Amino acid sequence: MVYLGVGLGGVVGSLLRYFVSVSTSNFLTNGFPVGTVIVNLAGSLFLGWFTSRIIGKNILNPVLSTSIATGLTGSFTTFSTFSMETIVYIEDGRIGIAIFYVLVSAVGGLFLAAVGYRLGAVPFGEAGK
């Protein structure tokens, strides 16, 4: 059952990723991959929160938790795309953009994963206090 859940989560996550990429394709005209940055940072924030709040407290059935964390979030985020886009920048001689992209993605992803994890640790009903 877990394989089916991960597969269905993967379908949803990849469709969401495609939607974000298409929706953000006109944000910058220099070709910077805004959509990839958005999905990777949002996915980091969500997975940090989900791990702390849901998985860490056993709120959902483990099959459903795995389906969401591995299937949906795993297919929503795009490390392989990030890696290939970075290589293209380097090959095109755009080293500064490549470095900026790696730093924003890595530091931003780690930071937002930590923020999400901390937010998930706040007991229900106490988030605004």
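Per an unreviewed UniProt entry, the protein carries the name Fluoride-specific ion channel FluC and comes from Mesobacillus stamsii. Of the comments in the UniProt record for the protein, the one headed Subcellular location (unreviewed entry) reads "Cell membrane". Of the comments in the UniProt record for the protein, the one headed Catalytic activity (unreviewed entry) reads "fluoride(in) = fluoride(out)".

S.K.: When you look at the packing of helix H1 (residues 2-24) against helix H2 (residues 34-55) in this model, what are you seeing that I'm missing?
M.R.: The geometry of a pair of packed helices is captured by two quantities: the angle between their axes and the separation between those axes. Their axes nearest at 8 Å, the elements H1 and H2 cross at an angle of 140°. When the interaxial angle is binned, H1 and H2 end up oblique. Considering the relative orientation of H1 and H2, their crossing is right-handed. Of the residues in H2, those in contact with Arg17, Val20, Ser21 and Thr24 of H1 are Val34, Gly35, Ile38 and Val39. Of the residues belonging to the contact of H1 with H2, the class tally is four nonpolar, three polar and one charged.

S.K.: Explain the packing of aromatic side chains to me, please; I cannot follow it from the model alone.
M.R.: In this description, a pair of aromatic rings is defined by centroid distance and the angle of the planes. What the rule picks out here adds up to eight aromatic pairs. Ring centres 5.9 Å apart and planes at 50° place the aromatic pair Phe32 and Phe100 in the tilted group. Separated by 68 residues along the polypeptide, Phe32 in the loop between H1 and H2 and Phe100 in helix H5 (residues 95-121) bring together distant segments of the chain. By relative accessible area, which is 46% here, Phe100 ends up partly exposed. Between Phe82 and Tyr101, the ring centres sit 5.1 Å apart and the planes meet at 65°, which makes this aromatic pair edge-to-face. With a gap of 19 residues between them, Phe82 in helix H4 (residues 79-91) and Tyr101 in helix H5 connect regions that are remote in the sequence. Among the aromatic residues, ring-to-ring pairing joins Phe32, Phe79, Phe82, Tyr89, Phe100 and Tyr101 into one connected group.

Cut-offs and rules
Sequence order as written defines residue numbering, which begins from 1 separately in each chain. Only residues with pLDDT of at least 70 are given local features in this predicted model, and only at 80 or more are side-chain atom pairs given and counted; all residues enter the totals for whole chains, interfaces and linings. Where side-chain values are given, they derive from all heavy atoms of the structure, hydrogens and water being excluded. UniProt positions are given in the numbering used here, feature names are shortened, and annotations may be inferred rather than shown by experiment. Only the stretch in contact is used when a helix axis is fitted, and all axes are lines through C-alpha atoms; the angle between N-to-C directions ranges over 0 to 180 degrees. The secondary structure listing takes helices from DSSP runs of H or I that are at least 4 residues long and strands from runs of E that are at least 2 residues long, numbered from the N terminus. We call two directions roughly parallel when the angle between them is under 35 degrees, roughly antiparallel when it is over 145, roughly perpendicular when it lies between 65 and 115, and oblique otherwise. Note on convention: near helix rotated counterclockwise from far helix by under a right angle means a left-handed crossing. Clockwise means right-handed. Residue contacts are defined here by distance: any two heavy atoms, one from each residue, within 4.5 Å place the two residues in contact. All amino acids are sorted into three groups, where Ala, Val, Leu, Ile, Met, Phe, Trp, Tyr, Cys and Pro are nonpolar, Asp, Glu, Lys and Arg are charged, and the leftover types, Gly among them, are polar. Stacked, edge-to-face and tilted labels apply to pairs of Phe, Tyr and Trp rings (six-membered ring for Trp) whose centres lie within 6.5 Å, assigned for plane angles under 30 degrees, over 60, and everything in between, in that order. When accessible area is computed with a 1.4 Å probe and restricted to protein chains, residues below 20% of their type maximum are described as buried, those above 50% as exposed, and intermediate ones as partly exposed.

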